[in-house]
Every structure is written in C-alpha cells, then in structure tokens.
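Residue-level structural notes
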Amino acid sequence: MIHARKVSIWTGGYEIVENGRRIATWERSLWTAGGTVEVGGRRYTVRANLLGGTSTMVEIGGARVGTAHTVGHKDWTIEADGATYHFRRALAWRHEEQLHDRGRRLGAVRRTSIWRDDASANLPGLPRTVEVFALVLVLTTWEWDAAATG
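A few points on the structure. Since this is a predicted model, take the numbers as computed values, not measurements. (Residues numbered from 1 in each chain as written. Predicted model: local features only at pLDDT ≥ 70, side-chain atom pairs only at ≥ 80, totals over all residues. Heavy atoms only, no water.)

With that out of the way, let us pick up the overall build of the chain. If you tally the helices and strands in the chain, you get 1 helix and 12 strands. The proportion of buried residues among the 150 residues of the chain is 43%. By sequence separation, contacts in the chain at least 24 residues apart represent 30% of the contacts at least 6 residues apart. Accessible surface, the chain as shown: approximately 8500 Å² in total, 51% of it carbon and sulfur. (Helix = DSSP H or I, 4+ residues; strand = E, 2+ residues; numbered from the N terminus. Buried < 20%, exposed > 50% of the residue type's maximum accessible area, 1.4 Å probe, protein only. Contact = heavy atoms within 4.5 Å. Areas by Shrake-Rupley, 256 points an atom, 1.4 Å probe, with all protein chains shown as cover.)

This part covers the sheet that holds strand β3 (residues 21-28). Around the barrel, which closes on itself, the 12 strands sit in the order β1-β2-β3-β4-β5-β6-β7-β8-β9-β10-β11-β12 with antiparallel pairing between neighbours. Across the sheet, the mean angle separating the axes of adjacent strands is 20° when strand polarity is ignored. (Pairing = 2+ DSSP bridges. Axes fitted to C-alpha atoms, helices over the stretch in contact; angles between N-to-C directions.)

Bridge count for strand β5 (residues 42-49) against strand β6 (residues 54-59) is 6 bridges, and the pairing is antiparallel. Residue pairing in the sheet places Val 46 in a bridge with Met 57 of β6. Pairing geometry for β6 and strand β7 (residues 64-69), over 4 bridges, is antiparallel. Note that in β7 the partner of Val 58 across the bridge is Arg 64. Hairpin connection of β6 to β7: 4 residues between the antiparallel strands, including Gly 61 at a positive phi of 75°.

See the structure below:
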C-alpha cells in the first residue's frame, strides 16, 4: 500500500511513501492540467485533457507509460503495457475509486482523512509507475471537484 501526503497547503505537491520510505513525488502544475512525478529516480510528465477526460503519463524524453480515459467519470480506465485497468468511483461522498476486474473489486484509492487531502492506494497487480499514475489522477480529480464546488 502506498500513501500520498500533501507537502504543503500552498502547493500541489505530494510525497508518496510506502512503509515510511519515499518512493515518489508529485508536483501539480499551477498553469496546466497535469504536472510532473518522479518515481524511482525517473521523471514523468502527466498531462490531462480536461474536456475529454484523457490523461497521459510520459517519461521525460522517453516513451508513454500509460493513458487514462474518461477520468473523473464514474467508470474510467488506464491502458499501460498492453493491459487495461478498470476503475469505478464508489459513492462520491466517500472519496474512493475502486480497481475492478470482471466485476470483482481488487483494490482502491481512498482519502485517509476528511481534514486533509492525503490518500492511500492499494492496487495489487499494477506496475509501480501505473499505481502512482492512478493515485495522482485521483488526487487531481478530487482537487478539480473541490474547486468546482467552491
């Protein structure tokens, strides 16, 4: 299980940890939809198309890691390494996005506190970079939702 802890209330940055050890950092862009994430010493760019609900994660100077479709909708997917991972939003007030396979719930990303924007992700079977991609997409979606509701 990995956990995202907001670095500061003034920035969009998160530290992502596993067993108390930092494994990634996420810096949301202040000017565009997306940001940069560093996983295992490698930097990636996450870009989002707000109108189409599509996001991509690309290694800086390299290849595409994954593409997410209909992010922010009840059902959405991530395509990576020839696999498709299916997610479904639980009840909106619960702040939980569930990973499903053929109707079976395998794991979830959920907010860990009603007072903070921190979250945890338990997404078995996903490669580490895809797991982090899913987590930052969910964090970003929650921030967009909060901004839209005021």
